[in-house]
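Residue-level listing of the chains:
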Amino acid sequence: MDVVNTIVSFVNTILWDYVLIFGLIGVGIYMTVRLKFPQFTRLFPALKEMVAGIVNKEEVEEGKMTPFQALSTAVAAQVGTGNIVGVATAIAAGGPGAAFWMLISAFFGMATIFSESVLAQKYRETKDGELVGGPAYYIKNGLKSKGLAVFFSITAIIALGIVGIMVQSNSVAGSVSQAFGVPVIAVTIGLAIVVALILMGGMGRIASFAETVVPIMACAYILGSLAIIVMNYANFIPAVKSIFIGAFSPGAIGGGVLGITVQQTVRFGLARGLFSNEAGMGSTPHSHAVADTKHPAEQGFTAMIGVFISTFLICTSTVMVNIASGAYNIGISAAEMTQGATVMTQNGFAAGFGSFGGMFLSFCLSFFSLTTIVGWYFFAESNVKMVLNAKPVTINAFKGIVLTALVIGTVIDPTFVWELADMFMGIMAVPNIIALFLLSKEVKYILDDYDSKIVAGKLHWTYEYQNIEEKKNNKKSVLRKGLSTTIIK
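Residues numbered from 1 in each chain as written. Predicted model: local features only at pLDDT ≥ 70, side-chain atom pairs only at ≥ 80, totals over all residues. Heavy atoms only, no water.

Peer 1: Would you mind showing me how to read the side chain of Thr293 here?
Peer 2: By the secondary structure assignment, Thr293 is in the loop between helix H13 (285-288) and helix H14 (296-325). The exposure class assigned to Thr293 is buried, which follows from its relative accessible area of 12%. Each residue touching Thr293, except ones within four places of it in the same chain, is listed here: Gln121, Glu298, Gln299 and Tyr463. (Helix = DSSP H or I, 4+ residues; strand = E, 2+ residues; numbered from the N terminus. Buried < 20%, exposed > 50% of the residue type's maximum accessible area, 1.4 Å probe, protein only. Contact = heavy atoms within 4.5 Å.)

Peer 1: What is the right way to read helix H5 (residues 81-94) from this model?
Peer 2: Along an α-helix, residues three or four positions apart point the same way, because every turn accommodates 3.6 residues. Here H5 is 14 residues long and its end C-alpha atoms lie 18 Å apart, about the 20 Å a rise of 1.5 Å per residue gives. Of all 14 residues in H5, 13 are buried; the element is thus mostly enclosed. A positive phi of about 80 degrees marks Gly95, the residue just after H5. (Expected span 1.5 Å × (residues − 1).)

Peer 1: I would appreciate a short explanation of unusual backbone geometry in the present structure.
Peer 2: The bulk of non-glycine residues show a negative phi, and the bulk of peptide bonds are trans. Positioned with a positive phi, Phe37 is a non-glycine residue whose angle comes to about 55 degrees. Relative to the helices and strands, Phe37 resides in the loop between helix H1 (2-34) and helix H2 (38-41). In this structure, Lys144 takes a positive phi of about 60 degrees despite not being glycine. Relative to the helices and strands, Lys144 is located in the loop between helix H7 (135-141) and helix H8 (146-180).

Peer 1: Could you clarify how one ought to interpret the nonpolar core in this entry?
Peer 2: A general feature of soluble globular proteins is that nonpolar side chains tend to end up buried together. Counting residues in hydrophobic clusters, the biggest one holds 148 residues, and the most contacted among them are Phe114, Tyr138, Leu160, Tyr221, Phe301, Val319 and Met344. In terms of residue count, the dominant contributor to this core is helix H17 (residues 355-387) (15 residues). If we skip the residues at most four places from it in the chain, Leu160 touches Ile165, Ser283, Trp376, Phe379, Ala380, Met425 and Met428. (Core = buried A, V, L, I, M, F, W, Y, C linked by side-chain atoms within 4.5 Å.)

Peer 1: How should helix H16 (residues 344-353) be read in this particular structure?
Peer 2: Residues Met344, Thr345, Gln346, Gly348 and Phe349 constitute the buried set of H16. Backbone geometry just downstream of H16 places Gly354 in the positive-phi region, at approximately 70 degrees.

Peer 1: Looking at this structure, how should I read the packing of aromatic side chains?
Peer 2: The relation between two aromatic rings is expressed through the spacing of the ring centres and the mutual angle of the planes. By the definition in use, this model includes 19 aromatic pairs. Their ring planes at 75 degrees and their centres at 6.3 Å tell us that Phe44 and Phe308 sit as a pair that is edge-to-face. Of this pair, Phe44 sits in helix H3 (residues 43-55) while Phe308 sits in helix H14, and the two are 264 residues apart along the sequence. Between the aromatic rings of Phe301 and Tyr450, the centroid separation amounts to 5.2 Å while the plane-to-plane angle is 75 degrees, which identifies the pairing as edge-to-face. Here Phe301 is found in helix H14, whereas its partner Tyr450 is found in helix H20 (residues 440-456), with 149 residues between them in sequence. There is no split in this pair, since Phe301 and Tyr450 are both buried. (Phe/Tyr/Trp six-rings, centres within 6.5 Å; stacked < 30°, edge-to-face > 60°.)

Right under this line is the structure:
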């Protein structure tokens, strides 16, 4: 086991300290410049349009999602333990300045996730009456590389559908058991039943669950965080100052007690920022691919909202709770703070609300983890359909594997399963980053096409690959009809 731990740790060091930091931030900067800074010009109009869609109660055909449902499913996957535990770990190991670099990663990540979303929309397909899409499909149809597409799908199935599920169930079981005194086995059984009921409902139930639960839980967590910040209003300005000073001079924080360098601050801030909003990782495009929208660019704008919610709102709330409440202590070294990082945010809420604060955070964390389980399952299922098929027997067998992983995840070492998840998600991101660079011209064309059609007042898009299955079925029907005619003659 020690050998396995050493190998996983080594691979993670290579991936997260070098390959992904430069790859993900690099593609974000590149696409930001190439798309002319869409973060400034496209985000708030997209928010306005999304709200209008919610008010008008948009409806779609079976096998599709509304843009808001697709966003909710994406945010369900984005918002999880990484936004609470992961962010606390980042500032514990990298100091308050890590929060600044986390926001920088999110800013450039908006351009990345826009690119992922529009490519997923353009190259999506229809299988057994349902839309499917994601990096595997734009790698296969856009780059014309079936081998790389299959490689992505296999790593995504493992990273999201198996190891990722273990991470989330482990967090739920530990948090609920500690906060409410419920035995882990009872939490495991209850969680497995709830997840099974949601998954049995297919895409429709997953979408309905996400659009109902995600906004409520996100708002509850943000409001709870604001309450803690208001209670500690005297620490607000010093907290903000420590973030900006710590970003460039961590040695100036706490009189140098933290013992960290600028490199460590940048590394932990960028890595946890990327992990929390998943921009460029290749996960969220699976939900944006199935959104029913007039043009791929529209869903790209909506996807940017997901990064804004995940990092700028929820992760920033976590940071401010920890620093303002005193749960993060600048008088203690980073090495010592890291040891208690997993309960840091819980301590922050407990400082403000007492024992209720710990229970409130556990409740939020449980629902965030549950929504992530559901979102990641949906993403993994899209890749099962890519590698194998969309037959009910195949999908049901995969659901059984997911539920088994969920149960196992509650009883294994959390540190190891987090390391394993980091490794497979890092490996999964590599082919996606390659595809984003090589297909950047397509992304620019789609955005330009959208702008030209908006000016002309004729917004539409023809999905070239969506009807592949229909064309194949028609061709088979024609061949069978021709064969029958020949035999009769």
